[in-house]
Amino acid sequence: MNAHLDHEVLIVGAGFGGIGAAVQLRKAGIEDFLIIDKNDGIGGTWWANTYPGVAVDIPSIYYSFSYEPPKQWSRMFAPGAEVQRYAEQVVDSFGLRSRIQLGTGVVAGVWDERQHVWRVELADGRTLVARYVIGAIGALEVPSLPDIAGFDDYTGKIVHTARWDHGFDYAGKRIAVIGTGATALQLIPELADVAAKLTVFQRTPIWVAPKPDFPIPDSVRTALLNIPALRRGVRAAVTLGIDFGITGIGVFHERIPFLAKALEHGGAAGYRTWLRGNPELAEQLTPRYAPGCKRPSVSNRYLKTFTQPDVDLVTTPIAEITAGGVRTEDGVEHEIDVLVCATGFKVMGKGTTPAFPVRGVGGLDLNEFWDEHRFQAYQGVSVPKFPNFFMITGPYGFAAGSYIAMIECTSRHAARAIGEARRRGATRLEIKQQAHDEYYDKYRQRSEKTLWLSPACAGSNTYYVNYQGDAAAIRPSTHLEMWWGNKYFPLDHYQYARNLSVADALAVPALTMT
C-alpha cells in the first residue's frame, strides 16, 4: 500500500533557517511544503529571546538575506524586536504565512524505508508524512541551566534569558546573574539600571570590543533598500572583513599563532585603559585566553557597568544555591530576590541536536550515532543512513560570521538536492558514504589546527567546543568556501533511488541511476 503524503517537504522550525529553506524551495519550483514550529510566533531564536538589551552582535546589513533587504532596521546593530519583525517581513514577501503551522511541536521523526517517506510524530498526537524533511532547528535551541548543588531548592524567582518573564517586576530587586557570555554582556547593563543591587557571578571572563553602534539615517537606509549594487557592495565589504578577521584568525591560527597572543596582549591593555583607576577590576575582567575563542562580543557599557556602586563582580566559585541566595566557596552567602541564568544553550550537546529522536535506516538514532561516532555531516547538511533528511545548522556547516549567510548556503544545498531527485524521478536521496567521509575528514583535520582547539583557548569554556572536545559547531573555512561548497557540490555525491510502486503511483519520470 502506498503512503499518503501530507506534504512533499516538511520543514521543522519557523526561525530564519526554516524561512530561508522555504524561500529556496520556492525558488526551485517546489511548492508542496509546510513549516511547523513549537512556538506561537515566527522567528525562532528571535521569538524566544526577548530579554532586555537583546540585539544582533554583527552589523545588521550582514544579518539579513542577500535577496531581501530589511525595511525597518534602525541601527547598525539591530535590536531583537526589529530582527523578529524582519523575519515576518521575509515571510510576507515570499507568501509563506499560509505555509506555517505554529504551536506544533515534534516528538520524533522516523524514516520508512519501504515507502521512502518520513513519519513525523507531533506533540498533539498527529503524524505528518513527508517525502523530505528539513531540520531547521537552530543551534541556540535548548537552554542550559546551571549544574550547581541546591539549584532546585532556591525559593525566589528564577529566569533563564531565553525564557524571559516580562510580567515580573525586576525594579528594586536584588538580582544575581550567573554567566558572563554574549547574552549576559547585553543584559547586565540593562539590569544594573533597575536593580537595587546586581551581583554577577563570573566563572570565565569574556573579551569585549567597542560597539560601533549608531542610528542608520533614513537616507542611508533608503539607498541600501533601493540600490542593490550599493547594498551588495557593503555586504561584500563586511563579509570580507569577517572572513579576514574573525574567521581568518580562527581557521588559520596554526600559520599565524603569534597573532592570537598579540591580540590578547592588546585586549588586556584596552581593558586597563577602559577601567583606568580600577586595576583590580580590570584584572578580574580580563580573560586569560585569546580573543576569538568565544563568540566575539561588542558593548560600550558592559565593562563600565562594574564600576557602579550597586554592582558587584564575584569571581569566587559558587559552592551551592541556597533557599535564599548563592553561597560561594569562601563561605559568603549572597542574599538575592531574583536568580538570572545567562548560561546559554546546549550547542551540539548530547541528545539535544535535535531535542527529539530522529531515526533513519534500520532505526538508527541520529543523536546516538553522533554520541558514538562524533558530530559529522556533509557540508553541515546531510548524514549517511538518513535519506531525504537535511539540516540547516548541522555539524561543520557554519563558517563563523552570520548565521543568515550560512542559512542561505545550506538551504540552497537542500533545495538543489531535492530538485535533482525530482528531476531524476527519485523517491530516495542519500549522501554517499565516501563523499561524506571525505568532507568530514577534511574539516575535522583542519579543525584540529584552528584557534578553538589550540592551547590559546585553554580555559575559555567556549560553546564552540562540545562535550566531545570537538569544534563541531564551526566549519573551519571562509564564507566563500562555504558558499561555493553548498552551491556547486557535485550532484553525484548523492545516490538516488526509486521505489517503483511509489514512483508508478506518482507517475514520476524515468530515473537515471548514478
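Placed above this text is the structure.
First, a word on scope: everything that follows refers to the structure included in this document. (Residues numbered from 1 in each chain as written. Predicted model: local features only at pLDDT ≥ 70, side-chain atom pairs only at ≥ 80, totals over all residues. Heavy atoms only, no water.)

Things to note about the overall build of the protein chain
A tally of helices and strands in the protein chain yields 14 helices and 20 strands. Taken against the 2.2 N^0.38 rule, which gives 24 Å for 514 residues, the C-alpha radius of gyration of the protein chain at 24 Å falls within 12% of a compact globule. Along the three orthogonal principal directions, the C-alpha set of the protein chain runs to about 75 × 50 × 45 Å. Burial analysis of the protein chain (514 residues in total) assigns 55% to the buried set. The averaged location of the 53 negative side-chain charges in the protein chain is 7 Å from the averaged location of its 52 positive side-chain charges. (Helix = DSSP H or I, 4+ residues; strand = E, 2+ residues; numbered from the N terminus. Rg over C-alpha atoms; globule rule 2.2 N^0.38 Å. Buried < 20%, exposed > 50% of the residue type's maximum accessible area, 1.4 Å probe, protein only. Lys, Arg positive; Asp, Glu negative; His and termini not counted. Charge placed at Lys NZ, Arg CZ, Asp CG, Glu CD.)

Section: the environment of Y170
Structurally, the position occupied by Y170 is in the loop between β7 (157–160) and β8 (174–178). Distance from Y170 to L453, taken between C-alpha atoms, is 40 Å for residues 283 residues apart in sequence. For Y170, the contacting residues outside a window of four places in its chain are V159, W164, D165, I175, V194, A195 and V338. (Contact = heavy atoms within 4.5 Å.)

Quick notes on the pairing of strand β1 (residues 7–12)
Within a regular strand, side chains alternate between the sheet's two faces. The buried fraction of β1 is high, at 5 of 6 residues. As defined by bridge partners, β1 adjoins strand β6 (residues 127–135) across 5 bridges and the pair is classed as parallel. Paired with H7 across the bridge in β6 is A130. With helix α1 (residues 16–27) bridging β1 and the parallel strand β2 (residues 33–36), this β-α-β connection has right-handed handedness. (Pairing = 2+ DSSP bridges. Right-handed = clockwise from strand over helix to strand, strands pointing away.)

Comments concerning helix α12 (residues 433–447)
The first and last C-alpha atoms of α12 sit 20 Å apart over 15 residues, in line with the 21 Å expected at 1.5 Å per residue. Listed as buried for α12 are A435, H436, Y439, Y440, Y443 and S447. Taken down its axis, α12 places every buried residue within 120° of arc, on the same side. In this structure, α12 carries Q434 and Q445 as exposed residues pointing more than 90 degrees from its buried face. Looking at the buried positions of α12, the neighbouring elements they touch are α10 (366–373), β19 (428–431) and α13 (479–487). (Expected span 1.5 Å × (residues − 1). Arc of directions from axis to C-beta.)

Here we look at the sheet that holds strand β13 (residues 318–321)
Here 3 strands make up an open sheet; going across it, the order is β13-β14-β15 and the pairing antiparallel. Both edges of this open sheet fall to β13 and β15 (333–335), since each of them pairs with a single strand only. Each adjacent strand pair in this sheet contributes to an overall mean axis angle of 25°, direction not counted. Bridging between strand β14 (residues 325–328) and β15 involves 3 bridges; their strand directions are antiparallel. Paired with G325 across the two strands is E335, which belongs to β15. (Axes fitted to C-alpha atoms, helices over the stretch in contact; angles between N-to-C directions.)

Quick word on the side chain of T204
Note that T204 resides in the loop between β9 (197–201) and β10 (208–209). Setting aside residues no more than four positions away along its own chain, T204 makes contact with T180, Y289, G459, S460 and N461.

Things to note about the nonpolar core
Among the nonpolar cores identified, the biggest contains 142 residues, and I11, F16, I134, L198, F390 and Y494 are the most heavily contacted of them. In terms of residue count, helix α11 (residues 403–424) provides more of this core than any other element does, 11 residues in total. Ignoring sequence-local partners within four residues, the contact set of F390 consists of Y132, V133, I134, G135, V381, S382, A414, A417, I418, L429 and Y494. Counting residues in hydrophobic clusters, the runner-up holds 12 residues, among them Y154, A176, F201 and I321. (Core = buried A, V, L, I, M, F, W, Y, C linked by side-chain atoms within 4.5 Å.)

A look at unusual backbone geometry
In this chain, T353 is followed by P354 through a cis amide linkage whose omega measures 5°. At Q379, a residue that is not glycine, the phi angle is positive and equals roughly 60°. In this fold, Q379 is placed in the loop between α10 and β18 (389–391). At N388, a position not held by glycine, the phi torsion is positive, near 60°. Note that N388 resides in the loop between α10 and β18.

Focus on the packing of helix α5 (residues 218–226) against helix α6 (residues 228–251)
A packed helix pair is summarised by two numbers, namely the angle formed by the two axes and the spacing between the axes. Close contact between α5 and α6 brings their axes to 5 Å; oriented N to C, the two are set at 100°. Accordingly, the angle class assigned to the pair α5 and α6 is roughly perpendicular. Note on element contacts: α6 touches α5 through P228, L230, R231 and V234, opposite A223, L224, L225 and N226. When the residues that make up the contact of α5 with α6 are grouped by side-chain class, the tally is 6 nonpolar, 1 polar and 1 charged. (Parallel < 35°, antiparallel > 145°, perpendicular 65-115°, else oblique. Nonpolar A, V, L, I, M, F, W, Y, C, P; charged D, E, K, R; others polar.)

Digging into the sheet that holds strand β12 (residues 311–314)
Reading across from one edge, β7-β16-β8-β9-β12 is the order of the 5 strands in this open sheet, with parallel pairing throughout. Of all the strands in the sheet, the pair left with one neighbour each is β7 and β12. For this sheet, the mean angle separating the axes of adjacent strands, direction not counted, is 20°. Of the strand pairs in this sheet, β7 and strand β16 (residues 338–341) are connected by 4 bridges, and their pairing is parallel. Within the sheet, the bridge partner assigned to K157 lies in β16 and is V338. In the packing of helix α4 (residues 182–192) onto the sheet, the strands contacted are β8, β9, β12 and β16, and the crossing angle to β9 comes to about 160°.

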